[in-house]
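Observations on the model geometry
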Amino acid sequence: MSAASLRRAARESVSGLPRAFWWLWTSTLVNRLGAFVATFMTLYLTLDRGYSASFAGLVVALHGLGGVISSLVAGVMTDRLGRRPTLLAAQASTAFSVALLGFMEHPAAIAAVALLVGMTSNASRPAVAAMMADIVRPEDRVRAFALNYWAINLGFAVSATAAGLIAEYSYLAGFLGEAALTLACAVLVYVKLPESRPERGGVGGSGASGASGASGAASGKSGPEPEIGLGTVLRDGRFMGVVGLSFLISLIFTQGSVGLPVAMGSAGFSPGDYGLVIAVNGFLIVALQIPVTRLIEHRDPQKLLVVSALLAGYGFALTAFAGPVWAYALTVCVWTLAEIVNSPTQMGLVVRLSPVHGRGRYQGVYTMSWAVAALVAPLMAGFMIDRWGADWLWATTGVLGTVAAVGYWLLMRGLSEGVGETAPAAAGGGEPKAAPAEPLPAGPAPAEPLPTSGPVGAS
């Protein structure tokens with residue numbers, strides 16, 4: 001590809017997006033540049049504080065439990081209070097709790113504050129996803145969410161390397177640095193981002209970009225939207241199928257931050273070796289996310305989801321055969337490609353299955369799938385490695401990837417034609433109503449950042 005072609009592709013990737021998106025993109029990048037706790041929590045507890053691997057696993061699990069709790073609460077807040085105040089509250093409280101964690105000494109205090117950090121850091125995700133769906137036109141969402149995901153991993157690629165150096169000097173400095181950058185994000189959100197929550201009472205509402213209004217008009221409704229509660233989301237069988245498959249996929253990907261470091265440590269590798277290996281994930285996403293998204297955006301989403309699930313499961317399964325550091329890095333390359341493909345495609349389903357005025361709640365339930373995986377994955381990894389060895393863990397990831405691939409194949413049959421035509425029944429029950437959602441395009445739609453279950457895809 002010539003230099004002119006590269007420049008043209010770059011211009012096409014960033015042109016036409018609203019200014020509010022770029023402020024949200026900037027806040028995401030700054031936030032991820034300070035990511036420290038999610039990447040080095042296990043090493044901090046075991047190497048710096050001298051706690052056992054079991055205690056470290058418990059603390060990481062509590063961090064995940066906090067995310068489970070906040071996912072639903074933040075989803076409701078996003079719909080009721082608005083995207084902007086939810087983001088501001090979540091990021092400001094995250095800054096406070098992360099700084100507090102660095103000063104905790106007693107094991108019970110560390111565990112309790114880790115739970116608080118999990119709650120606060122996870123609370124911004126439903127609002128970020130809902131705001132991005134509000135402010136970006138449907139036809140631009142592939143690029144927008146891919147760019148946001150790219151910013152997340154650019155920040156991670158830089159922060160993972162810097163955090164390793166900071167950790168050798170002072171773990172406390174890492175906690176305080178993350179708190180400072182997260183607080184900067186909170187200020188940025190407050191000063192630069194307008195509220196984008198669609199207004200009720202109109203035809204589908206009105207988002208910042210007009211996309212929401214177009215969605216409502218497409219539904220053929222005239223009049224206020226009925227209230228959408230959590231019960232509405234939970235009764236949406238098709239959407240909950242996506243949530244269940246997301247849980248399986250996230251259970252696999254989370255092993256990059258919980259199972260992989262433990263397995264490499266048991267094999268005699270240093271924290272620096274793990275840092276180099278996992279940094280491959282971030283750098284590959286930075287290099288490949290945008291060109292791969294352009295390549296697959298008109299492909300069949302069913303096939304993309306099936307293939308990505310198999311790549312994820314068997315990419316991690318290959319870790320059982322890794323010996324030197326470069327071999328571990330090669331396995332990371334395989335499952336990173338799965339992440340690049342799966343994330344935008346899967347999140348496209350979530351956006352299209354979410355009614356305009358229920359985006360916060362739908363995103364909250366979807367985010368919960370990753371939060372539950374962040375709770376289960378460290379317990380699963382610790383138990384299997386201690387009881388049977390790491391090879392059994394990697395074999396299990398292969399099985400999970402296969403199950404997820406079959407699930408995607410079954411779920412996606414006829415989905416391209418049917419999505420957007422009906423929505424779940426209103427909170428009070430009754431027949432399904434027309435949904436203010438766009439028809440699913442032939443290719444993958446945008447992805448939101450993967451929740452913080454480890455170094456990949458966090459925001």
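Residues numbered from 1 in each chain as written. Predicted model: local features only at pLDDT ≥ 70, side-chain atom pairs only at ≥ 80, totals over all residues. Heavy atoms only, no water.

Taken N-terminus to C-terminus, the directions of helix H2 (residues 19-33) and helix H7 (residues 125-135) make an angle of 155°; their axes are 9 Å apart at the nearest point. Here H2 is positioned roughly antiparallel relative to H7, judged by the angle of their axes. With respect to the hand of their crossing, H2 and H7 are arranged in left-handed fashion. Judged by residue contacts, Ala20, Phe21 and Leu24 of H2 engage Val128, Met131, Met132 and Ile135 from H7. Taken together, the residues of the contact of H2 with H7 break down into seven nonpolar, no polar and no charged. (Axes fitted to C-alpha atoms, helices over the stretch in contact; angles between N-to-C directions. Helix = DSSP H or I, 4+ residues; strand = E, 2+ residues; numbered from the N terminus. Parallel < 35°, antiparallel > 145°, perpendicular 65-115°, else oblique. Left-handed = near helix turned anticlockwise from the far one by under 90°. Contact = heavy atoms within 4.5 Å. Nonpolar A, V, L, I, M, F, W, Y, C, P; charged D, E, K, R; others polar.)

A separate point is the confidence of the model for the protein chain. Summary statistics for the protein chain give a mean pLDDT of 75 and a share of 78% for residues scoring 70 or more. Between the elements of the protein chain, mean pLDDT differs from a low of 39, seen in helix H10 (residues 211-219), to a high of 92, seen in helix H18 (residues 390-411). Across residues 202-223 the pLDDT falls below 50, and counting only partners more than four positions away or on other chains, this stretch makes 57 contacts in the model. For residues 417-459, every residue scores under 50 in pLDDT, and the model assigns this stretch 166 contacts once sequence neighbours within four places are set aside. (pLDDT = per-residue confidence, 0-100.)

Within the largest apolar cluster, 82 residues are counted, with the highest numbers of intra-cluster contacts made by Leu45, Leu101, Phe239, Phe253, Leu260 and Tyr408. Per element, the largest residue contribution to this core is 12 residues, and it comes from helix H17 (residues 359-387). If we ignore the near neighbours within four places in the chain, the residues touching Leu45 are Gly50, Tyr51, Phe55, Ala56, Val59 and Ile110. If you look at the next biggest cluster of nonpolar residues, it comprises 20 residues, including Leu24, Met132, Leu147 and Ala151. (Core = buried A, V, L, I, M, F, W, Y, C linked by side-chain atoms within 4.5 Å. Buried < 20%, exposed > 50% of the residue type's maximum accessible area, 1.4 Å probe, protein only.)

Scanning all chains against the criterion turns up 10 aromatic pairs. Consider the rings of Trp25 and Trp150, whose centres lie 6.3 Å apart with planes at 15°: the pair is stacked. With Trp25 in helix H2 and Trp150 in helix H8 (residues 141-169), this pair connects stretches of sequence that are 125 residues apart. Judged by relative accessible area, Trp25 falls into the buried class, the value being 14%. (Phe/Tyr/Trp six-rings, centres within 6.5 Å; stacked < 30°, edge-to-face > 60°.)

In this section: H17. For H17, with 29 residues, the first-to-last C-alpha span of 42 Å sits near the 42 Å given by 1.5 Å per residue. At Val376, H17 is deflected by roughly 25°, the largest bend along its length, and proline Pro378 occurs up to four residues later in sequence. Taking burial as the measure, the 29 residues of H17 include 21 buried ones, the bulk of the element. Two residues or fewer past H17, Gly389 is found with a positive phi of approximately 105°. (Expected span 1.5 Å × (residues − 1). Bend = angle between axes of the 7 residues up to and from the residue.)

Attention shifts here to the pattern of salt bridges. Counted according to the given criterion, the structure contains one salt bridge. Between Asp134 and Arg83 there is a salt bridge, with the nearest N and O atoms lying 2.6 Å from each other. Residue Asp134 is found in helix H7, and its partner Arg83 is found in helix H5 (residues 83-101); the two are separated by 51 residues along the sequence. Here Asp134 and Arg83 have matching classes, each one buried. (Salt bridge = Lys/Arg side-chain N within 4 Å of Asp/Glu carboxyl O.)

The next subject is a nonpolar patch on the surface. Together, Leu183, Val187, Tyr190 and Val191 make up a nonpolar patch on the protein surface, roughly 400 Å² of accessible area in all. Mapped onto the elements of the fold, Val191 is located in helix H9 (residues 171-192). (Patch = residues over 30% accessible without salt bridge, like charges linked within 9 Å, V, L, I, M, F, W, Y side chains within 5 Å. Areas by Shrake-Rupley, 256 points an atom, 1.4 Å probe, with all protein chains shown as cover.)

Once that is clear, we can look at the side chain of His63. Topologically, His63 is positioned in helix H4 (residues 53-80). For His63, a relative accessible area of 13% corresponds to the buried category. Leave out the neighbours within four places in its chain, and His63 touches Ala114, Val117, Gly118 and Ser121.

A word on the side chain of Ser27. Among the secondary structure elements, Ser27 is positioned in helix H2. The exposure class assigned to Ser27 is buried, which follows from its relative accessible area of 3%. A polar atom in the side chain of Ser27 sits 2.7 Å from the backbone oxygen of Leu24. (Polar contact = N/O pair within 3.5 Å; in protein donor to acceptor, adjacent residues only side chain to side chain.)

This part is about the packing of helix H12 (residues 237-253) against helix H16 (residues 325-353). Running from N to C, H12 and H16 cross one another at 160°; their axes reach a closest spacing of 11 Å. The angle between H12 and H16 places the two elements in the roughly antiparallel class. In the packing of H12 onto H16, the handedness of the crossing is left-handed. The segment H12 lies against H16, with Arg238, Phe239, Val242, Leu245, Ser246, Ile249 and Phe253 engaging Trp335, Ala338, Glu339, Asn342, Gln346, Leu349, Val350 and Leu353. Among the residues making up the contact of H12 with H16, the classes are represented as 10 nonpolar, three polar and two charged.

We now examine H5. In a regular helix each residue adds 1.5 Å, so 19 residues correspond to 27 Å; H5 covers 27 Å between its end C-alpha atoms and thus fits that length. Within H5, the full set of buried residues consists of Arg83, Thr86, Leu87, Ala90, Gln91, Thr94, Ala95, Ser97, Val98, Ala99 and Leu101.

This brings us to the environment of Trp394. Considering the arrangement of structural elements, one finds Trp394 in helix H18. The spatial distance from the C-alpha of Trp394 to the C-alpha of Phe321 is 9.6 Å, given a sequence separation of 73 residues. In this view, Trp394 contacts Gln255, Gly259, Leu260, Ala263, Phe316, Ala317, Thr319 and Ala320; residues no more than four positions away in its chain are not counted.

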